[in-house]
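Residue-level structure breakdown
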Amino acid sequence: MVIILKQNADKNKIRQLEERLLQQNIKVRPTEGDKQTILGLIGDTTVVDIDTLLSLDIVENVKRIQEPYKAANRKFHPHDTVVRINDTVSVGGGSFTIIAGPCSVESVPQITGIAESVKKSGANILRGGAFKPRTSPYAFQGMRGEGLKLLSEAKKETGLPIISEIMEINQLPLFSDVDIIQVGARNMQNFELLKELGHQDKPILLKRGLANTIDELLMSAEYIMSGGNNNVILCERGIRTFETATRNTLDVSCIPVLKQLTHLPIIIDPSHATGKAALVPPMAYAATAAGADGIMVEVHNDPPHALCDGAQSITPETFDSLAKSLIELRKYAYSYNQ
Ligand code: PEP
Ligand code: MN
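Residues numbered from 1 in each chain as written. Chains lettered and ligands numbered in written order. Predicted model: local features only at pLDDT ≥ 70, side-chain atom pairs only at ≥ 80, totals over all residues. Heavy atoms only, no water.

A count of helices and strands for the protein chain gives ten helices and 14 strands. Across its three principal directions, the C-alpha atoms of the protein chain cover 70 × 45 × 40 Å. Residues counted as buried form 52% of the 338 residues belonging to the protein chain. If you take every contact in the protein chain between residues at least 6 apart in sequence, the share linking residues at least 24 apart comes to 69%. (Helix = DSSP H or I, 4+ residues; strand = E, 2+ residues; numbered from the N terminus. Buried < 20%, exposed > 50% of the residue type's maximum accessible area, 1.4 Å probe, protein only. Contact = heavy atoms within 4.5 Å.)

So, in structure tokens, the structure goes:
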């Protein structure tokens, strides 16, 4: 349920209303716009009498929200959420964010070399996996804690904020220098992990599961937000369909759908979506044209010898021309998606 307050509603009366709702075990999340304030109510709102609310002189309107996700719902919070990373980078709300780097951290020269080159090309954030969720237990599992240290080194060298994937709660202490914690597709519904991340104050990039609906993605975001962490970035990385020509199928239409349903930023990962380096630029363009808030791409200095996901990794040279073209394309895409 949301309560839309009248313009310039009396602050004391708003506070009294919030206290009354709290006594009914309803949590209130206010969203202050330029002119209007919206109170989002979380809890069992069946106990709330709409007519009584409507009779208050500070209330303009009251609406029930049908969708099961509340905090992530655009009806709760009409303006785009802007996630601030380290006070240097913004995600959402009109910014276009480019996240780039290798699938996995492999060595000091590999990660710092890639970091320096993607930074020069226009990347805003460096990615690098340290804990890798591999289909085969015999495949490279990542450099784990050591990999995070090397990623931190690259951050120090370049000043780029860093993102890396967490696989379980007890890895959390190792992520103290990581700026965005990534929840991978396979963990999108690891609810205990999501609950714990809800108590952190770090931004979370939540990837859509291989076989999850948009509603399920938003419910997972809700798990994080209901714990108090509103800094959630959504990521579409392709879903499983009957098609086998690509690793997954990029659901480009999820971008305008999510833009309607939620205020959270949406990043597209064309690398895991396609599985093929040659398909990464066209899908990155498609995502940008459709209004994505940014992209995340895998870049490797030596793709044939990458320890993970070489086939879908683009070279620093390809990334350089891709990033420049995306920045140009975005200038047009943003205005016609408003
Ligand atoms: C990744 O980004 O390295 C990754 C493993 O992605 P996903 O969870 O989308 O498969
Ligand atoms: Mn990968």
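And the narrative resumes.
Coordination of the manganese ion (ligand 2) by the protein involves Cys103 (SG), His272 (NE2), Glu298 (OE) and Asp309 (OD), with metal-donor separations of 2.0 to 2.4 Å. In primary-sequence terms, the residues that donate to the manganese ion (ligand 2) follow C-x168-H-x25-E-x10-D. In this pair, cysteine 103 is assigned in the loop between strand E7 (97-101) and helix H3 (108-121) and glutamate 298 in strand E14 (residues 294-298), connecting sequence segments 195 residues apart. Pair check on accessibility: cysteine 103 and glutamate 298 agree, each one buried. (Donors = N, O, S within 2.8 Å, 3.2 Å for Na, K, Ca; no water.)

Quick look at the domain arrangement of the protein chain now. Per the domain assignment, the segments of the protein chain are domain 1 (2-63) and domain 2 (83-337). On a C-alpha basis, the centres of domain 1 and domain 2 stand 37 Å from each other. (Domains from an automatic or database assignment.)

Time to look at the pairing of strand E9 (residues 162-166). The element E9 is largely enclosed, with a buried count of five among its five residues. Relative to E9, strand E8 (residues 125-127) is paired through two bridges, and the arrangement is parallel. Counted as the bridge partner of arginine 127 is isoleucine 163 from E9. One crossover worth recording links E8 to the parallel E9 by way of helix H4 (residues 144-158), and it is right-handed. In this structure, E9 lies alongside strand E10 (residues 180-183), joined through four bridges in parallel fashion. Bridge pairing links serine 164 to isoleucine 181 in E10. (Pairing = 2+ DSSP bridges. Right-handed = clockwise from strand over helix to strand, strands pointing away.)

Moving on, we come to the site of ligand 1. The environment of ligand 1 is formed by Arg127, Lys132, Pro133, Glu165, Gln182, Gly184, Ala185, Arg186, Lys207, Arg237, His272 and Glu298. Within the side chain of arginine 186, a nitrogen or oxygen atom sits 2.9 Å from an oxygen atom of ligand 1. Within the contact set of ligand 1, an oxygen atom lies 2.8 Å away from a side-chain nitrogen or oxygen of lysine 207. Starting from 290 Å² of accessible surface for ligand 1 in isolation, the protein chains cover 97%. Looking at side-chain class alone, the shell around ligand 1 contains two nonpolar, three polar and seven charged residues. (Near = heavy atom within 4 Å. Polar contact = N/O pair within 3.5 Å; in protein donor to acceptor, adjacent residues only side chain to side chain. Areas by Shrake-Rupley, 256 points an atom, 1.4 Å probe, with all protein chains shown as cover. Nonpolar A, V, L, I, M, F, W, Y, C, P; charged D, E, K, R; others polar.)

Topologically, isoleucine 180 is positioned in strand E10. What makes isoleucine 180 buried here is its relative accessible area of 0%. On a C-alpha basis, the gap between isoleucine 180 and leucine 258 in space is 21 Å, while along the polypeptide they are 78 residues apart.

So, on to the side chain of histidine 300. Of note, histidine 300 is situated in the loop between E14 and helix H10 (316-336). Side-chain polar atoms of histidine 300 contact the side chain of asparagine 301, separated by 3.3 Å. Those residues in contact with histidine 300, other than ones at most four positions away along the chain, are Pro102, Glu106, Gln110, Ile114, Ala306, Ser313, Ile314, Thr315 and Pro316.

Let us look at the sheet that holds E8. Strands sit in the order E7-E8-E9-E10-E11-E12-E13-E14 around a closed barrel of eight strands; the barrel is parallel. Strand-to-strand twist in this sheet, taken as the mean axis angle between neighbours without regard to direction, amounts to 30°. Bridging between strand E13 (residues 266-268) and E14 involves two bridges; their strand directions are parallel. Looking at the pairing, isoleucine 268 lines up with isoleucine 295 of E14. (Axes fitted to C-alpha atoms, helices over the stretch in contact; angles between N-to-C directions.)

The next subject is the sheet that holds strand E4 (residues 59-63). With antiparallel pairing, the four strands of this open sheet are ordered in space as E2-E3-E1-E4. Edge strands, defined here as strands with exactly one partner in the open sheet, are strand E2 (27-32) and E4. Strand after strand, the sheet turns through a mean of 20° between neighbouring axes, direction not considered. Relative to E4, strand E1 (residues 2-5) runs antiparallel, the two being bridged by four bridges. Following the sheet pairing, valine 2 is matched in E4 by lysine 63.

The biggest cluster of nonpolar side chains holds 61 residues, and the ones touching the most others in it are Val118, Leu126, Leu206, Leu234 and Phe319. Broken down by element, the residue count for this core peaks at six residues, all from helix H6 (residues 214-226). Beyond its immediate stretch of four places on either side in the chain, phenylalanine 319 contacts Ile98, Ala100, Val118, Ser121, Ala123, Val297, Val299 and Ile314. Val28, Val48, Leu53 and Ile58 belong to the second-largest nonpolar core, a separate cluster that totals 16 residues. (Core = buried A, V, L, I, M, F, W, Y, C linked by side-chain atoms within 4.5 Å.)

Time to look at the pattern of salt bridges. Tallying each qualifying case throughout the model produces 16 salt bridges. Of the charged contacts, one joins glutamate 146 and lysine 149 as a salt bridge, the two residues approaching to 3.9 Å between their closest N and O atoms. With glutamate 146 and lysine 149 both in helix H4, this residue pair falls three residues apart, about one helical turn. Here arginine 247 ties to aspartate 309 by a salt bridge, and the two come within 3.2 Å at their closest N and O atoms. (Salt bridge = Lys/Arg side-chain N within 4 Å of Asp/Glu carboxyl O.)

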